[in-house]
Amino acid sequence: MGKKLLQKYSRSVYQLMSNYQRAAKHDKSMSFATRQNRTERLVEMGRNLHELGYQVPSVRNIKPKHIEVLVAHWQSQQLTIGSIKNRLSDIRYTCDILSRPNVVRPLNSDYGIGSRGTLPPHNRAIHAIALEKITDQHLRCSLALQSLFGLRREECRKIEPHTADTGDFLALKPSWTKGGIFRQIPIKSPQQREWLDKAKALVKPKESLIPKGSTYIQQRHAYDSAARRILKVNNLHGLRHAYAQERYRQLTQCEPPINAKKEAIPPHNDKKARHDIAKELGHSRVEVTKVYLG
């Protein structure tokens with residue numbers, strides 16, 4: 001793969017995304033993180049095409065055949081249906097900006113992509129991480145809070161520990177959360193209290209866990225790098241899975257179905273537990289808990 005050509009492609013994508021960001025800045029439903037995620041996924045698509053032998057110098061040169069190749073590649077890599085749909089959504093939006101709506105087929109089913117599955121093929125929970133290997137104190141606290149409270153990647157960095165601590169609950173402001181939804185997570189364990197107090201000791205009131213002198217994106221890159229290089233995982237979303245499963249045990253006194261060795265009768269409080277867990281994770285649909293709990 002030509003390094004200079006890849007760099008040229010990446011610059012082209014970023015130039016396009018600056019136009020995209022200007023067009024989307026008045027869309028209050030789209031966060032900065034969403035725009036950044038889309039930028040990174042588009043650059044990754046360019047990298048995929050170059051690795052597959054397609055020398056596409058600019059995103060403006062993408063053709064329908066390139067989309068076919070990308071989808072086949074993603075399927076061969078066993079990406080989830082949701083991940084593939086997100087990537088197709090990114091490129092559709094991009095092509096709309098370029099007035100090239102016919103590059104991507106209108107329906108995902110046109111590429112043989114079905115509905116998002118709700119039942120996971122395997123348990124993705126990450127029950128423990130080596131926090132002692134993380135030397136960045138702000139990042140260490142972020143990861144600890146993510147694990148202990150089931151926070152999203154963005155939330156565990158944006159959180160202001162002093163503001164969030166209400167005594168019995170961790171209160172997440174809408175500006176920290178996906179979709180801008182306020183939510184509360186109960187503080188139940190000594191470990192939760194211990195790490196929340198450590199985070200409060202690390203920063204001043206109204207300060208987040210993004211260190212002074214660092215930007216949101218810089219700390220996000222530090223987070224992603226720590227996951228891959230130090231903790232040896234592609235991402236840490238599995239911490240939310242582990243949190244959901246632990247909460248299910250606490251609320252039902254039973255093992256979550258995803259861990260059951262054989263199909264078991266759900267406990268009488270299964271529905272109530274799933275409702276509570278969905279709220280704590282920041283999901284509006286209880287059905288989503290199947291991804292975490294089976």
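For the structure, see preceding data.
What you see is a predicted model, and the numbers here were worked out from it, not measured in a lab. Residue indices follow the written sequence of each chain, beginning from 1 at its first position. The predicted nature of this model means local features are confined to residues of pLDDT at least 70 and side-chain atom pairs, given and counted, to a pLDDT of 80 or more, with totals for whole chains, interfaces and linings taken over all residues. Excluded from the side-chain calculation are hydrogens and water; included are all heavy atoms of the structure.

Visitor: Would you mind showing me how to read the environment of Lys 178 here?
Guide: Relative to the helices and strands, Lys 178 is located in the loop between strand S1 (169–172) and strand S2 (183–186). Lys 178 sits in the exposed class, given a relative accessible area of 55%. Put simply, Lys 178 and Glu 155 are 23 residues apart on the chain and 8.1 Å apart in space, counted from C-alpha to C-alpha. Leave out the neighbours within four places in its chain, and Lys 178 touches Arg 152 and Glu 155. Secondary structure counts use DSSP, requiring at least four H or I residues in a row for a helix and at least two E residues in a row for a strand, with both numbered from the N terminus. Each residue is placed in one exposure class: buried if its accessible area under a 1.4 Å probe, protein chains only, is under 20% of its type's maximum, exposed if it is over 50%, and partly exposed if it falls in between. By definition, residues are in contact when any of their heavy atoms lie within 4.5 Å.

Visitor: Sorry if this is basic, but what is going on with the layout of surface pockets here?
Guide: The rolling of a water-molecule-sized probe over the atoms marks out the regions of remaining empty space. For the second largest pocket, the calculated volume is near 410 Å³. Considering the residues around the second largest pocket, the lining is formed by 21 residues, among which His 127, Ser 147, Leu 148, Tyr 243 and Glu 246 are closest to the centre. Among the elements of the structure, helix H5 (137–149), helix H8 (190–202) and helix H10 (238–252) are those that each provide at least two residues to the lining of the second largest pocket. Considering each element in turn, the lining of the second largest pocket owes the most residues, 7 residues, to H10. Cavities and pockets were defined on a 1 Å grid built from protein atoms only: a cavity is a group of points that admits a 1.4 Å probe but offers it no way out, a pocket is an open group of points flanked by protein on both sides within 12 Å along at least five of seven lines, and a lining residue is one with an atom within 4 Å of any such point. Grid points are joined across faces, edges and corners, and a volume is the space filled by probe spheres set on the points.

Visitor: When you look at the packing of H10 against helix H11 (residues 270–281) in this model, what are you seeing that I'm missing?
Guide: Angle between the axes and distance between the axes are the two parameters that describe a pair of packed helices. Relative orientation of the contacting elements H10 and H11 amounts to 145°, with a least axis distance of 10 Å. Along this stretch, H10 crosses H11, giving a crossing that reads as right-handed. Only Asp 270, Ala 273, Asp 276, Ile 277, Glu 280 and Leu 281 of H11 make contact with H10, whose side of the interface consists of Arg 240, Tyr 243, Ala 244, Arg 247, Tyr 248, Leu 251 and Thr 252. The residue makeup of the contact of H10 with H11, split by class, is 7 nonpolar, 1 polar and 5 charged. To obtain an axis, a line is fitted to C-alpha atoms, over the contacting stretch when the element is a helix, and the angle between two such axes runs from 0 to 180 degrees between their N-to-C directions. Handedness of a helix crossing follows the sense of rotation of the near helix relative to the far helix, less than a right angle counterclockwise being left-handed and clockwise being right-handed. Think of it as three bins: nonpolar holds Ala, Val, Leu, Ile, Met, Phe, Trp, Tyr, Cys and Pro, charged holds Asp, Glu, Lys and Arg, and polar takes everything else, Gly as well.

Visitor: Explanation requested: a positive patch on the surface in the structure shown.
Guide: Only residues above 30% relative accessible area that lack a salt bridge enter a patch, with like-charged residues linked at up to 9 Å and the nonpolar side chains Val, Leu, Ile, Met, Phe, Trp and Tyr linked at up to 5 Å. Only the protein chains shown count as cover for residues, and the accessible areas themselves come from Shrake-Rupley with a 1.4 Å probe. For this analysis, a salt bridge means a side-chain nitrogen from Lys or Arg found within 4 Å of a carboxyl oxygen belonging to Asp or Glu. A positive count includes Lys and Arg, and a negative count includes Asp and Glu. His and the chain ends are not counted in either. Lysine's charge is taken at NZ, arginine's at CZ, aspartate's at CG and glutamate's at CD. Positive charge collects at one region of the surface, where Lys 133, Arg 228, Arg 229 and Lys 232 lie side by side. Within the fold, Lys 232 resides in the loop between helix H9 (216–230) and H10. Residue classification places Lys 232 among the exposed residues on the basis of a relative accessible area of 65%.

Visitor: I keep staring at the pattern of salt bridges and nothing clicks. Help me out?
Guide: Pairing is possible between side chains that carry opposite charge, provided their charged atoms lie close to one another. Evaluation of the coordinates by the stated rule reveals 19 salt bridges. A salt bridge links Asp 90 to Arg 41; its shortest N-O distance comes to 2.5 Å. A residue pair is termed long-range when its members are at least 10 positions apart, and Asp 90 in helix H4 (residues 81–97) and Arg 41 in helix H2 (residues 32–51) qualify at 49 residues. Judged by relative accessible area, which is 1%, Asp 90 ranks as buried.

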